[in-house]
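In case you want the letters, here they are:
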Amino acid sequence: MNAEIVFKYFPNLSDIQRQQFVALENLYKDWNLKINVVSRKDIEDLYLRHVLHSLGIAMVQPFKPGSDILDVGTGGGFPGIPLAILFPDSKFTLVDSIGKKIKVVEEVVDGLQLQNVTPINKRVEDLDKQFDFIVSRAVAAMPTFVHWVKGKIKKESKHERRNGILYLKGGDLSEELKDYRNAQTLELSDYFSEDFFSTKKVVYLPLKFKG
């Protein structure tokens, strides 16, 4: 499976965006041989399991130009890098506490010549900045994640949705989300037809500004 699966769902990409999505495969395969950030099975299904999965966030919440987005526990750059390709007029900060993972992110960002991505090697709790949305891919249970990102949300919302968390998760989330009555669970199977997405979701949790 190649970048065509991305083009199927996002047909209006510019030539540069298409080239960047195509380039992802060789960049990740090359860097994964040096620093293992994606499992061997997943690297073969990179566009389905990582790229398109990351873009599920864009299906439920497109980002307006000038948006500030934080990707927490980005690992090898997901969901941040695919989203940064899709939204070149938004700014993305990709944070991970593991240096070798951020090294891969830096090299991929450099290889794609992405101007809107800032990779940072630190714990998110130590980051002194605020954002419109915080994205991530199941790095922790929601209560832990909410604790990590406390105070990281901007006061003014520029989107119809209030600023908050957009979290890629799978499976039964009823127990994990029972204390978050304002959380919305959006099924990715409503947007993507592939079986992989049958249990995949984006959880949206609005967060209050804490000044």
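Refer to the preceding data block for the structure.
About the thresholds
Residues numbered from 1 in each chain as written. Predicted model: local features only at pLDDT ≥ 70, side-chain atom pairs only at ≥ 80, totals over all residues. Heavy atoms only, no water. Helix = DSSP H or I, 4+ residues; strand = E, 2+ residues; numbered from the N terminus. Polar contact = N/O pair within 3.5 Å; in protein donor to acceptor, adjacent residues only side chain to side chain. Contact = heavy atoms within 4.5 Å. Pairing = 2+ DSSP bridges. Axes fitted to C-alpha atoms, helices over the stretch in contact; angles between N-to-C directions.

Overview of unusual backbone geometry
Thought 1: The omega torsion of the bond from Phe78 to Pro79 falls at 10°, within 30 degrees of zero and hence cis.
Thought 2: Within the fold, Pro79 resides in the loop between β1 (68–72) and α5 (80–86).
Thought 3: With a phi angle near 55°, Gln113 is a residue other than glycine that sits in the positive phi range.
Thought 4: Mapped onto the fold, Gln113 is located in the loop between α6 (99–112) and β3 (117–121).
Thought 5: Notably, Ala138 is not glycine yet its phi reads approximately 50°, a positive angle.
Thought 6: Looking at the secondary structure, you find Ala138 in the loop between β4 (133–137) and α7 (142–148).

What to know about the side chain of Ser67
Thought 1: Relative to the helices and strands, Ser67 resides in the loop between α4 (46–60) and β1.
Thought 2: There is a polar contact of 2.6 Å between the side chain of Ser67 and the backbone oxygen of Lys64.
Thought 3: Of note is the side chain of Ser67, whose polar atom sits 3.3 Å from the side chain of His159.
Thought 4: Residues within four places of Ser67 in sequence aside, it is in contact with Asp89, Ser90, Lys91, Asp132, Lys158 and His159.

With respect to the sheet that holds strand β2 (residues 91–96)
Thought 1: Ordered in space as β3-β2-β1-β4-β5-β7-β6, the seven strands form an open sheet in which the pairing is mixed. Looking at strand neighbours, the two that pair on one side only are β3 and β6 (184–187), the edges of this open sheet. This sheet shows a mean twist of 20° between the axes of neighbouring strands, independent of strand direction.
Thought 2: Relative to β2, β1 runs parallel, the two being bridged by five bridges. The partner of Ile69 across the bridge, within β2, is Phe92.
Thought 3: Running at roughly 140° to strand β5 (residues 164–170), α4 makes contact with β4, β5, β6 and β7 (200–206) of the sheet.
Thought 4: Sheet strands touched by α6: β2 and β3. Its angle to β3, the strand with the most contacts, is close to 165°.

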